[in-house]
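Structural features, examined
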Amino acid sequence: MIEARHLRVLRAVARTGSFSAAARELGYTQPAVSQQMKALEKSVGTPLVVRVGRGVQLSEAGEVLVRHAAGILAGLTAAEEELAAIAGLRVGRVRLVSFPTASSTLVPQAVAEVRAAQPGVRISLTDAEPPESLAMLRGGDCEVALAFRYPGRMAGGLHLAAAAACDWADLEVRALLEDRLVGVVPAGHPLAGRGPADPVELSELADEQWIAGCPQCRGHLVDLCEEAGFVPRIDFATDDYPAVFGLVAAGLGVAVLPDLALASVRPTGVSVVPLASGVYREVVALTLPDLAAVPAVELMLDRLARVSLRPAPAGSPAGGPVSR
């Protein structure tokens, strides 16, 4: 019989590449991990790992079992949580994984509201950008992942979210908000101070040096600029938003950032300008289908959706110079 604890050990071994590293991650001793792996191999009747140098790698059977382990463990978690709810036990666990701007804007209030409603729910938070956060969700390392994607485009400027939706086809998707993208230029830039009545065309920034973010954001920036008729000269790449604002304020380039970045950082020396293209990214909360009905997970998804509907703090995504 395959036991859940053995599957958790197998996943840790697969993730870390050795029994000793898996033991450290799980808080076990190395002999305990070795014994549980032997018990699991005895249960399935075939080797699951092979030794390679000082570490181990999965056998073909091990790869198959690890692939199924996340779904099995998620189903068990869902069953345990639903049974606890039926029994009247106000307990639960939600491990959140979120990209940094959502961690500093949407997550705090949502978590506070969950704890106020159900003090017994244990909540943890880890920062990770997609696609890493999606891999953690599918791997059973969290119950809810906050992620974003940019709508697909076709000729004529038609947005096709379906182009990217296939990546999430196996997940439960809760749409949270459309996070508008804005331009960020130095406070003394000729385009500084432009407002909604006179938005900036990306082509007006064709000769600028650019500051790009994470790989997904950088790819989207390049696509947008190519649609506007130019290839951006990207001199700096960082997903640290305070660093982006600092580089822009120093006159080292311009950037395109989401509204959530403005709400999470208090920039100085820059001007935020609206973009005529009306581009945005879709921010969502994701979970596995088996976990969607778990009371604690359902409550967290509900509170994230509520928080996302509230107006942004006054003065965060402004259309003029920021001089704080």
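That block above? That's the structure.
From a predicted model like this one, the values you see are computed outputs, not experimental measurements. (Residues numbered from 1 in each chain as written. Predicted model: local features only at pLDDT ≥ 70, side-chain atom pairs only at ≥ 80, totals over all residues. Heavy atoms only, no water.)

This part covers the overall build of the protein chain. Looking only at helices and strands, one finds twelve helices and 14 strands in the protein chain. Counting every position in the protein chain, which comprises 324 residues, the buried fraction comes to 46%. Pairs at least 24 apart in sequence give 72% of the contacts found in the protein chain among residues at least 6 apart. Approximately 15,500 Å² of the protein chain is accessible, and the part contributed by carbon and sulfur atoms is 54%. (Helix = DSSP H or I, 4+ residues; strand = E, 2+ residues; numbered from the N terminus. Buried < 20%, exposed > 50% of the residue type's maximum accessible area, 1.4 Å probe, protein only. Contact = heavy atoms within 4.5 Å. Areas by Shrake-Rupley, 256 points an atom, 1.4 Å probe, with all protein chains shown as cover.)

Glancing now at the packing of helix α2 (residues 19-26) against helix α3 (residues 30-44). A pair of packed helices is captured by two measures, namely the crossing angle of their axes and the spacing between those axes. Running from N to C, α2 and α3 cross one another at 110 degrees; their axes reach a closest spacing of 8 Å. It follows from the interaxial angle that α2 and α3 lie roughly perpendicular. Residues Phe19, Ser20, Ala22 and Ala23 of α2 form the contact with α3, whose own contacting residues are Gln30, Val33, Ser34 and Met37. Grouping the amino acids of the contact of α2 with α3 by side-chain chemistry returns five nonpolar, three polar and no charged. (Axes fitted to C-alpha atoms, helices over the stretch in contact; angles between N-to-C directions. Parallel < 35°, antiparallel > 145°, perpendicular 65-115°, else oblique. Nonpolar A, V, L, I, M, F, W, Y, C, P; charged D, E, K, R; others polar.)

A separate point is the environment of proline 108. Tracing the sequence through the fold places proline 108 in helix α6 (residues 107-117). Linking proline 108 and leucine 125, residues 17 residues apart in sequence, is a C-alpha distance of 9.9 Å. Discounting chain neighbours no more than four positions away, the residues touching proline 108 are Ala102 and Ser103.

The next thing to look at is the pattern of salt bridges. In total, this model carries 16 salt bridges according to the counting rule given. Between glutamate 143 and arginine 93 there is a salt bridge, with the nearest N and O atoms lying 3.6 Å from each other. Within this pair, whereas glutamate 143 is found in the loop between α7 (132-138) and β5 (144-149), its partner arginine 93 is found in strand β3 (residues 92-98), the two being separated by 50 residues in sequence. Here glutamate 143 falls in the buried class, since its relative accessible area comes to 2%. Residue aspartate 179 is joined to arginine 281 by a salt bridge in which the shortest nitrogen-to-oxygen separation is 3.0 Å. With a gap of 102 residues between them, aspartate 179 in strand β8 (residues 172-186) and arginine 281 in strand β13 (residues 280-287) connect regions that are remote in the sequence. Judged by its relative accessible area of 0%, arginine 281 falls in the buried class. Residues joined in a network through salt bridges with shared partners are Arg11, Arg15, Glu25 and Asp141. (Salt bridge = Lys/Arg side-chain N within 4 Å of Asp/Glu carboxyl O.)

Between α6 and helix α12 (residues 295-309), the shortest axis-to-axis distance is 9 Å and the interhelical angle comes to 130 degrees. The angle between α6 and α12 falls in the class oblique. Relative to α12, the crossing made by α6 is right-handed. Here Val107, Gln109, Ala110, Val111, Glu113, Val114 and Ala117 of α6 come into contact with α12, specifically with Leu299, Met300, Arg303, Leu304 and Val307. Class assignment of the residues belonging to the contact of α6 with α12 gives a composition of nine nonpolar, one polar and two charged. (Left-handed = near helix turned anticlockwise from the far one by under 90°.)

Next up on the list: unusual backbone geometry. Residue proline 131 is reached from proline 130 by a cis peptide bond, and omega for that bond is 10 degrees. Positionally, proline 131 belongs in the loop between β4 (121-127) and α7.

Before going further, it helps to examine α12. Its 15 residues place the ends of α12 21 Å apart at the C-alpha level, agreeing with the 21 Å of an ideal helix rising 1.5 Å per residue. What α12 keeps buried is the set Ala296, Val297, Leu299, Met300, Leu301, Arg303, Leu304, Ala305, Val307 and Ser308. (Expected span 1.5 Å × (residues − 1).)

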